[in-house]
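For reference, the chains in residue letters:
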Amino acid sequence: MSSLKKLGLIGGTGPESTLVYYRRIIEGVQAATRPDLLAPMTIESLSAFDVFEFAGREDWDGLADYLLSGVKRLEAAGAEVASLTANTPHVVFDRLAEKSPLPLVSSVESTRREIRARGASSVILLGTEFTMVGDFLSGPLRADGINVAVPNADEIAYIQDKIASELEFGVVREDTREGFCDIIRRLAADDGGELVILGCTELPLLLDDSTSPVPTLDTMDPHIEDLVRVALGEKLD
């Protein structure tokens, strides 16, 4: 029997990133312990499209309650700590945390710590419309003295459409990749971004350091590292 904490993941927001979280948490725990040890986890699969609908109506209380119902089911399944496997639902993270029966591990905080550790002073933020327009991710970064550049209104609409109509279904198109790279090049020229924050957990399907004209930071990376640490019983900074 292991002494690992049982993680509860709100998945399905979207499905592709949920698979990555599951696999890499298991791999991370095994790398830190032994290869025959499986991290105990429960996944509650909600819908990215329901999240988009709540956000589109700016029904933040409704979105928080929707996520809370999932967290409560995770608690009932024995989870000791919970997390969201997508960035957009973090728009109501504070509301959710106030009501959550389980402690929550924030992707925003994991990302902020990683940017600070890398020493970047200017970043480009890509994500869903709600992530780029809102300040739940950019606000904490700016409070840390980091310049955050976001696309213009037309570019935001283009990115949101491609996420919702392609990436959420696991569809990766070369013309879409080039369209995203054009946006990154413009923002880098205008604002001098040192890193591209992949602020939607489906964006790594399309972009990484080998395809982006600017180095990338996949928000899943530091978040998963923190979840592995929590599963092992470590405290986050």
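Residues numbered from 1 in each chain as written. Predicted model: local features only at pLDDT ≥ 70, side-chain atom pairs only at ≥ 80, totals over all residues. Heavy atoms only, no water.

1. Looking at the nonpolar core
Counting 23 residues, the largest nonpolar core has L126, L203 and L207 as the members making the most contacts within it. For this core, the secondary structure elements donating two or more residues are α2 (48–56), β5 (122–126), α6 (129–133), α8 (153–165), α9 (174–191) and β7 (195–198). Among the elements that take part in this core, α9 stands out by supplying five residues, more than any other. Residues I26, V29, A39 and V228 belong to the second largest nonpolar core, which totals 19 residues. (Core = buried A, V, L, I, M, F, W, Y, C linked by side-chain atoms within 4.5 Å. Buried < 20%, exposed > 50% of the residue type's maximum accessible area, 1.4 Å probe, protein only. Helix = DSSP H or I, 4+ residues; strand = E, 2+ residues; numbered from the N terminus.)

2. Observations regarding the packing of helix α1 (residues 15–32) against helix α10 (residues 220–231)
At a closest axis distance of 9 Å, the pairing of α1 and α10 adopts a crossing angle of 45°. One element, α1, and the other, α10, form an angle in the oblique class. Of the two possible hands of crossing, α1 and α10 adopt the one that is right-handed. Two secondary-structure elements touch here, α1 through S17, V20, Y21, R24, I25, G28 and V29 and α10 through M220, D221, H223, I224, L227, V228 and A231. In the contact of α1 with α10, the residues fall into nine nonpolar, three polar and two charged. (Axes fitted to C-alpha atoms, helices over the stretch in contact; angles between N-to-C directions. Parallel < 35°, antiparallel > 145°, perpendicular 65-115°, else oblique. Left-handed = near helix turned anticlockwise from the far one by under 90°. Contact = heavy atoms within 4.5 Å. Nonpolar A, V, L, I, M, F, W, Y, C, P; charged D, E, K, R; others polar.)

3. Quick notes on the environment of S212
When you line up the elements, S212 lands in the loop between β7 and β8 (216–218). Separated by 16 residues in sequence, S212 and V196 have C-alpha atoms that sit 8.3 Å apart. Here S212 is in contact with C181, I184, V196 and L207, once residues within four sequence places are set aside. At a separation of 2.6 Å, a polar atom in the side chain of S212 contacts the main-chain carbonyl oxygen of V214. (Polar contact = N/O pair within 3.5 Å; in protein donor to acceptor, adjacent residues only side chain to side chain.)

4. Details of the environment of K72
Relative to the assigned elements, K72 resides in helix α3 (residues 60–76). What makes K72 partly exposed here is its relative accessible area of 46%. The sequence separation of K72 and P89 amounts to 17 residues, and the corresponding C-alpha distance is 16 Å.

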